[in-house]
Amino acid sequence: MRPPDFEFRLAGTVEEAIAALGGEDGTTALAGGQSLIPMMRFRLIRPSVVVDIGRIEGLGSIGSSDGLLEVGALVTTARLARSATVRSLSPLWAETASAIADPLVRNLGTVGGNLAHADPLNDLPAALVAARGHVTVAGPDGTRTIGSDDLFAGPFETALRRGELITGVRLPRGSGGAYEKMKRAAADYGVAAVAVQFAMDDGGRITQAGIAVTGGADVAARAAEAEDLLVGSDPRPSTIARAASATAASALMVTDDRGSARYKRELVKALAGRAIERAANRGGGT
Amino acid sequence: MRLTVAVNGVTHRVDCHPSTLLVHLLREELELTGTHVGCDTSSCGACTVILDGAAVKSCTVLAGQADGREIETVEGFADNHRLSPLQQAFADHFALQCGFCTSGFLMAATAFLRQNPEPSEAEVRKALEGNLCRCTGYQHIVDAVRSTRTPGDRR
Amino acid sequence: MTAVGARLPRKEDPRILSGGGRYVDDITVPHTAHACFVRSPFAHADITSVDLRRARRAPGVVAAYSGPESAGSMPLIPSAAADDSPPRTPLTGDRVHYVGEPVAMVLAADPRSALNAAERADVDYEPLPHVLDPWEALSPDAPLVHPDRRTNKIGEIHKVLGDPDGAFERADHVVSRQLAVQRISASPMEPRAILAVPEPASGHLTVYLSCQGPHTLRTWLAHILDLDESKLRIVAPDVGGGFGSKLNLYSDELAVIWAALELGIPVKWVETRTENFTAGVHARDQIHNAELALDAGGKILALRSHFVGDLGAYFHFFTPVVPDLTIDTLTGNYDIPSVDIKLEKVFTNKMSIEALRGSGRAEATFVLERMIEEAARELDLDPVEIRLRNLVAPDQLPYETPFGLTYTGGDYPALLRRAAELVGYDSVRAGQAEARREGRYVGVGFATYNLLCGFSPSGHDWNPMKFFPGHESTLIRVDPQGKAVAYSGLSPQGQGSDTIVAQIVADQLQVPFDHITVVHGDTETIPFGGGTHGSRGAVVGGHAALVAAQRVVEKARQVAAAMLEAASEDIVFADGSFAVAGSPESTVSWQEVAEEAHFLKRCGPMFEPGLEATAFYDPPDVNFAFGANAAIVEVDIETGKVKILEFVSVDDYGVGINPGIVDGQIHGGIAQGIGQALYEQVSHDEAGQVPSASFASYLLPSAVEVPRLTLDNIVSPSDTPLGVRGVGESGTLASPPAIANAVADALAPFGVRIDRTPLRPSVVWELIHPE
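Calculation notes
Residues numbered from 1 in each chain as written. Chains lettered and ligands numbered in written order. Predicted model: local features only at pLDDT ≥ 70, side-chain atom pairs only at ≥ 80, totals over all residues. Helix = DSSP H or I, 4+ residues; strand = E, 2+ residues; numbered from the N terminus. Rg over C-alpha atoms; globule rule 2.2 N^0.38 Å. Buried ≥ 20, exposed ≤ 12 C-beta atoms within 10 Å, placed from the backbone. Contact = placed C-beta atoms within 7 Å. Axes fitted to C-alpha atoms, helices over the stretch in contact; angles between N-to-C directions. Parallel < 35°, antiparallel > 145°, perpendicular 65-115°, else oblique. Left-handed = near helix turned anticlockwise from the far one by under 90°. Nonpolar A, V, L, I, M, F, W, Y, C, P; charged D, E, K, R; others polar. Core = buried A, V, L, I, M, F, W, Y, C linked by C-beta atoms within 7 Å. Pairing = 2+ DSSP bridges. Domains from an automatic or database assignment. Expected span 1.5 Å × (residues − 1). pLDDT = per-residue confidence, 0-100.

A. Looking closely at the overall build of chain B. When helices and strands are tallied, chain B shows five helices and five strands. Listing each helix as α and each strand as β along chain B from the N terminus yields β-β-α-β-β-β-α-α-α-α. A globule of 155 residues ought to have a C-alpha radius of gyration of about 15 Å, and chain B, at 15 Å, matches this closely. Here the C-alpha coordinates of chain B stretch approximately 45 × 30 × 25 Å along the principal axes. Taking all 155 residues of chain B together, 66% fall into the buried category. Sequence separation of at least 24 residues holds for 63% of the intrachain contacts in chain B that already meet a minimum separation of 6.

Quick look at the structure:
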């Protein structure tokens with residue numbers, strides 16, 4: 001299969017990208033292309049103009065400041081998975097990155113693209129929500145930040161306005177994170193996954209909790225009840241089990257070729273339990 | 001659109017349609033048919049090439065994204081009659097049968113071994129999870145990769 | 001040292017490894033038009049209108065055809081296996097019968113233009129009621145796939161042999177289960193591809209086709225299109241896997257050839273993966289209602305299975321006979337005296353069923369080995385012990401099955417015992433109990449197989465096909481240097497038969513392996529051929545090479561006799577040279593003989609010049625291979641995911657010609673069996689759409705899913721000159737039931753019944769947690 005015809009434009013700077021993306025209808029941004037190109041091959045989307053933002057300089061760095069991990073939008077998911085900085089400042093994000101697709105896809109897929117595509121089966125959205133991160137966005141009206149709870153409007157829909165692109169991600173640092181994903185086989189896009197991020201006090205008590213689910217009807221559904229349940233507690237098995245159940249209850253899972261909604265809810269419960277336990281062990285370890 | 005790619009060390013200036021995929025640029029414009037197309041979903045890896053040092057699926061790269069970049073394909077390794085060490089290991093271990101997926105495995109494994117010359121079996125299997133083979137059951141491929149320390153450079 | 005038995009490198013590898021493979025899409029011919037198909041989006045519908053005007057006006061378009069517009073000018077495609085094939089044309093007439101059926105075809109200057117233009121074809125449909133479930137298809141009020149047949153039932157075969165009714169009455173135990181083997185896809189890594197190159201001035205036509213047997217398809221093509229076979233050349237270049245799916249001449253391939261002849265220009269078509277999953281043939285898809293009668297000691301008295309084979313909408317090549325192979329192989333290696341087997345075959349609104357590596361026999365093995373496992377559980381017998389009590393013992397050989405098959409070799413209990421030993425069966429139970437205390441569910445499963453293969457003797461029941469030779473040919477032509485080219489009728493898709501043919505020929509000619517070149521896959525150079533399928537490469541094709549090589553040696557002996565002025569019966573051929581018996585000093589080398597055979601400088605015209613021979617080998621009987629598999633799995637009861645911890649295969653493939661190739665065949669077969677057991681499924685939704693039409697949802701196993709496989713063998717040479725048995729399909733038979741049995745064992749505490757595959761996580765979880 002081959003993509004339909006389109007016009008290809010290269011944006012060398014953020015400003016050029018903003019100008020191009022704000023142009024005619026049917027203009028779409030291409031970063032790594034790992035989600036976009038397959039959809040174009042199936043002709044599920046037919047952009048009239050494809051703006052290659054993948055070569056914009058300055059969007060490919062990984063760094064930290066003010067207790068935040070800062071990741072440029074064009075950092076590939078392979079680099080994200082390998083980065084020592086990411087591994088130490090956000091094990092959740094490193095782990096999530098290494099769960100994305102396969103090593104070849106990760107070599108091109110980008111952080112910004114994985115988020116902006118807003119596929120309910122993409123992995124980074126849940127990691128963003130669990131970490132309570134922000135994306136920085138540049139657009140015709142300047143730059144702004146969007147919190148994780150406001151970024152995803154629905155499947156394949158984000159709060160990005162016409163002409164806007166994600167330039168980076170800012171994440172609170174925290175060792176207490178984990179991502180548990182269920183794939184049926186390597187080529188599977190995934191059935192469900194759970195991202196967990198904790199902040200813990202010296203006594204091993206959870207002071208902040210972030211939990212989000214991949215693979216439901218919503219993109220990166222936040223499990224607010226489970227979070228509330230965990231904050232202030234120390235993660236004993238009974239607490240973890242209750243939080244896992246609450247996570248499953250909050251995710252809207254749908255029956256499809258990958259399994260029934262009933263199965264997927266129980267799967268989310270199992271994955272949540274495992275992710276919470278690992279995140280707590282990591283968080284308590286610092 | 002006009003673009004320039006360096007394939008196996010040779011610079012090519014090509015004129016192609018903007019919707020051209022890198023794999024079709026290689027196969028149809030440059031007549032390098034060792035890179036194959038096996039699926040529509042970026043799943044099988046038969047089209048794997050090395051782009052600026054990283055193994056990627058060339059069916060999921062637009063030709064324009066490759067403009068100005070360096071590409072290594074399976075044709076770039078054997079020097080006259082001498083196979084690269086990894087290619088020779090594939091032959092020695094019976095790591096191919098129909099051969100259609102083979103160039104993809106060679107490219108993915110070459111890029112991987114350059115970073116990890118002494119991988120465990122589990123690491124090799126994980127590194128190859130983006131490549132599908134229907135013939136071999138993978139065991140001989142894994143053995144060939146594990147027997148090779150330096151996969152070989154472009155000739 | 002002989003070449004046969006040695007781990008010699010494959011002939012084709014250096015070329016393919018350096019990017020020099022030549023698959024159909026790699027072959028280009030100037031001024032080729034590229035085809036793209038418009039396919040049915042409905043499982044069953046009337047085509048109410050087709051309008052190709054917009055498509056024809058699209059940039060680069062050469063021509064566009066539709067079935068309704070071309071009615072009458074397109075040929076009917078018969079089945080090779082039945083005379084009453086439902087009418088099928090390259091592009092369907094006024095009705096579609098499955099999702100993916102070709103309706104129209106657009107030809108353009110390049111593939112991109114063809115695809116863009118095909119999107120502009122306007123086809124209107126009036127959906128009709130469809131039927132997808134085979135039992136429902138048999139009910140009197142089911143929608144009819146082919147209304148003029150007045151029933152969806154294709155036929156019925158019922159074999160009652162021995163005294164099954166008496167056995168079931170006498171039995172101490174009767175075990176009854178419904179077992180299903182799902183629909184799967186061959187999924188060769190190279191999708192189908194064709195390039196048809198006509199020469200209008202001469203009437204010649206060359207077709208480059210990704211296929212498994214060019215001669216068979218040449219005869220069929222000539223028959224369908226009323227062409228002279230002498231003007232028709234079919235080339236199977238490098239073929240990227242077939243596994244049974246490329247024995248066909250498909251509708252869309254015929255449309256390409258038909259259009260090339262209509263237009264008098266080359267036409268190429270390369271299938272997409274999505275098309276391969278919908279318009280490429282499917283396989284398996286049987287549901288068995290099986291019963292086993294046993295005495296108190298666990299001895300099987302009779303097997304009954306009444307089963308249905310869902311064949312899809314049309315007859316392709318083997319379609320109507322594929323499930324027949326299940327019947328006679330349902331008793332496997334076991335001594336089961338009485339059987340009652342009934343098969344009903346039905347049409348449904350799906351793509352056709354065809355041969356796929358292990359076809360018919362894989363379904364039989366799954367049903368038999370699952371039933372024996374269930375019997376062991378009900379009788380509280382050890383799964384190895386119940387098998388040992390029922391396997392045909394070496395002292396029972398030759399053993400005739402109720403179906404009249406005669407087993408002459410092998411030690412089936414020994415194969416199973418070795419598998420049990422290698423999988424560490426003695427310690428498995430302790431480990432299993434230990435794991436369960438930790439909340440981990442580990443299970444062990446066994447299965448044995450008997451591979452009926454080497455198809456097949458001409459005129460034998462196993463070959464009901466028209467224009468489908470059971471024999472195989474080889475032409476060996478020695479050049480003046482004494483080196484040889486073998487033209488083999490085998491048409492491999494990765495099986496490595498060039499290498500094994502070279503090994504066989506090298507030994508006979510007493511020349512180095514490197515002196516033999518093997519050519520295959522071209523009707524212009526190969527005498528004739530049955531092609532590569534059904535584990536027949538070594539068994540049938542190997543013997544054709546052997547006999548041809550022996551004939552060449554006989555001719556060389558005559559030349560040597562003339563050169564040595566002796567009678568040919570006094571000539572001894574040893575160590576690569578000919579000598580007169582009793583006078584070892586008067587010798588001529590193989591090379592000298594080869595030169596003399598061509599130039600006659602020393603002897604003059606004492607023999608017919610040239611050094612070559614052709615052999616057609618028709619096997620005297622089918623062939624059997626056998627073995628036993630053992631698997632240890634762990635089931636994650638929370639997610640339903642199954643992980644294979646150990647997998648052992650002990651095989652008897654007779655004499656192995658090349659250990660590297662043989663092991664590779666077994667590995668590949670087991671990987672496909674693992675796919676069938678745990679991952680792969682062609683699924684249809686209620687509308688008859690195929691949501692599994694990509695690798696992302698079909699789930700071909702990767703290097704992560706397939707574990708390290710432990711192989712061993714116990715060799716009993718077959719009653720053939722080479723002593724070989726088939727091996728290509730061996731791995732596919734016992735692996736699915738061995739894994740399913742292991743999952744059943746792991747989940748025994750939950751009382752779970754494994755009655756179908758694939759055991760995907762959701763399926764396993766639902767079994768553990770019923771609503």
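B. Representation of unusual backbone geometry. Residues and elements named next belong to chain C. Omega for the peptide link from Leu397 to Pro398 comes to -10°, which places this bond in the cis form. Mapped onto the elements, Pro398 comes out in the loop between α12 (383-390) and β16 (399-400). With an omega of 0°, the peptide bond between Thr757 and Pro758 qualifies as cis. Relative to the helices and strands, Pro758 is located in the loop between α20 (730-746) and α21 (761-768). Within the chain, His31 stands out as a residue other than glycine whose phi angle is a positive 60°. Mapping His31 onto the fold places it in the loop between α1 (13-17) and β1 (33-39). For His31, a count of 8 C-beta atoms within 10 Å puts it in the exposed group. Unlike most non-glycine residues, Asp575 shows phi in positive territory, near 50°.

C. Inspection of the packing of helix α2 (residues 85-92) of chain B against helix α3 (residues 102-115) of chain B at higher detail. Residue and element names in this part refer to chain B. Across the interface, α2 lies against α3 with an axial gap of 10 Å and an inter-helix angle of 125°. On the basis of their axis angle, the class for α2 and α3 is oblique. Considering only the axes of α2 and α3, their crossing is right-handed. Side by side, α2 and α3 meet where Leu86, Gln87 and Phe90 of the first sit next to Thr102, Leu106, Ala109, Thr110 and Leu113 of the second.

D. Geometry of the interface of chain A and chain B. Taken together, the contact between chain A and chain B spans 25 residues of the former and 24 residues of the latter. Broken down by secondary-structure element, the contributors of at least two residues to the side of chain A that touches chain B are β1 (7-10), α2 (36-41) and α6 (103-106) of chain A. A per-class count over the side of chain A that touches chain B returns 15 nonpolar, four polar and six charged.

E. Examining the nonpolar core more closely. Residues and elements named next belong to chain C. If you look at the biggest cluster of nonpolar residues, it comprises 407 residues, and the most contacted ones within it are Ala104, Val106, Val505 and Val743. By residue number, the principal contributor to this core is helix α16 (residues 537-564), which donates 18 residues. For Val743, the contacting residues outside a window of four places in its chain are Gly443, Val633, Val635, Val642, Ile754, Leu759 and Val764.

F. Expanded view of the interface of chain C and chain B. The partner chain B presents 43 residues to the 44 residues of chain C that form the contact. For the side of chain C that touches chain B, the secondary-structure elements that each account for two or more residues are α1, α9 (273-278), α18 (659-679) and α19 (695-698) of chain C. Here the element with the most residues in the side of chain C that touches chain B is α18 of chain C; it accounts for seven residues. Taken together, the residues of the side of chain C that touches chain B break down into 18 nonpolar, 18 polar and eight charged.

G. Summary view of the sheet that holds strand β19 (residues 472-478) of chain C. All names here are of chain C. Sheet architecture is open: four strands sit in the order β21-β20-β19-β25, paired in mixed fashion. Looking at the sheet topology across the chains shown, the edges are occupied by β21 (516-520) and β25 (612-617). Across the sheet, the mean angle separating the axes of adjacent strands is 15° when strand polarity is ignored. Here five bridges tie β19 to strand β20 (residues 484-488), and the two strands are oriented antiparallel to one another. Each residue of the ladder has a partner; that of Arg477, found in β20, is Val485.

H. Region of interest: the sheet that holds β1 of chain A. All names here are of chain A. Here three strands make up an open sheet; going across it, the order is β1-β3-β2 and the pairing parallel. Two strands in the sheet have a free side with no partner beyond their single neighbour: β1 and β2 (27-30). Each adjacent strand pair in this sheet contributes to an overall mean axis angle of 25°, direction not counted. Across four bridges, the pairing between β1 and strand β3 (residues 49-52) is parallel. Bridge pairing links Glu7 to Val49 in β3.

I. Summary view of the domain arrangement of chain A. Residues and elements named next belong to chain A. Annotation of chain A at the domain level lists domain 1 (7-52), domain 2 (62-172) and domain 3 (176-284). Summarising the inter-unit geometry, the C-alpha centres of domain 1 and domain 2 are found 19 Å apart. Broken down by element, the residue count for the side of domain 1 that touches domain 2 peaks at four residues, all from helix α1 (residues 14-21). The residue inventory of the side of domain 1 that touches domain 2, partitioned by class, reads six nonpolar, five polar and no charged.

J. Up close: the domain arrangement of chain B. Residue and element names in this part refer to chain B. You can read the domains of chain B as domain 1 (2-76) and domain 2 (85-146). Computed over C-alpha atoms, the centres of domain 1 and domain 2 are 20 Å apart. Listed by partner, the interface residues are 15 residues for domain 1 and twelve residues for domain 2. If you list the elements that add at least two residues to the side of domain 1 that touches domain 2, you get β3 (48-51) and β4 (54-57). In terms of residue class, the side of domain 1 that touches domain 2 is made up of eight nonpolar, seven polar and no charged.

K. Layout of helix α11 (residues 361-379) of chain C. All names here are of chain C. In this model α11 runs 26 Å from its N-terminal to its C-terminal C-alpha over 19 residues, within 8% of the 27 Å that 1.5 Å per residue would give. Taken across its 19 residues, α11 has 16 buried, putting it largely inside the fold. Downstream of α11 by a residue or two, Asp380 has a phi angle that is positive, lying close to 55°.

L. The pairing of β1 of chain C, seen in detail. All names here are of chain C. Taking burial as the measure, the seven residues of β1 include seven buried ones, the bulk of the element. Taken together, the two bridges between β1 and strand β12 (residues 267-270) define a ladder with parallel strand orientation. Considered in β12, the bridge of His34 is made with Lys268.

M. Fine view of the environment of Gly728 of chain C. Residue and element names in this part refer to chain C. Position of Gly728 among the secondary structure elements: in the loop between β28 (710-713) and α20. Note on Gly728: 29 C-beta atoms within 10 Å, which makes it buried. Gly728 has contacts with Gln495, Ser535, Gly537 and Gln665, leaving out every residue within four places of it along the chain.

N. Looking closely at the confidence of the model for chain B. With 99% of its residues at a pLDDT of 70 or more, chain B shows a mean pLDDT of 96. Model confidence for the complex is summarised by a pTM of 0.98, with the ipTM given as 0.98.

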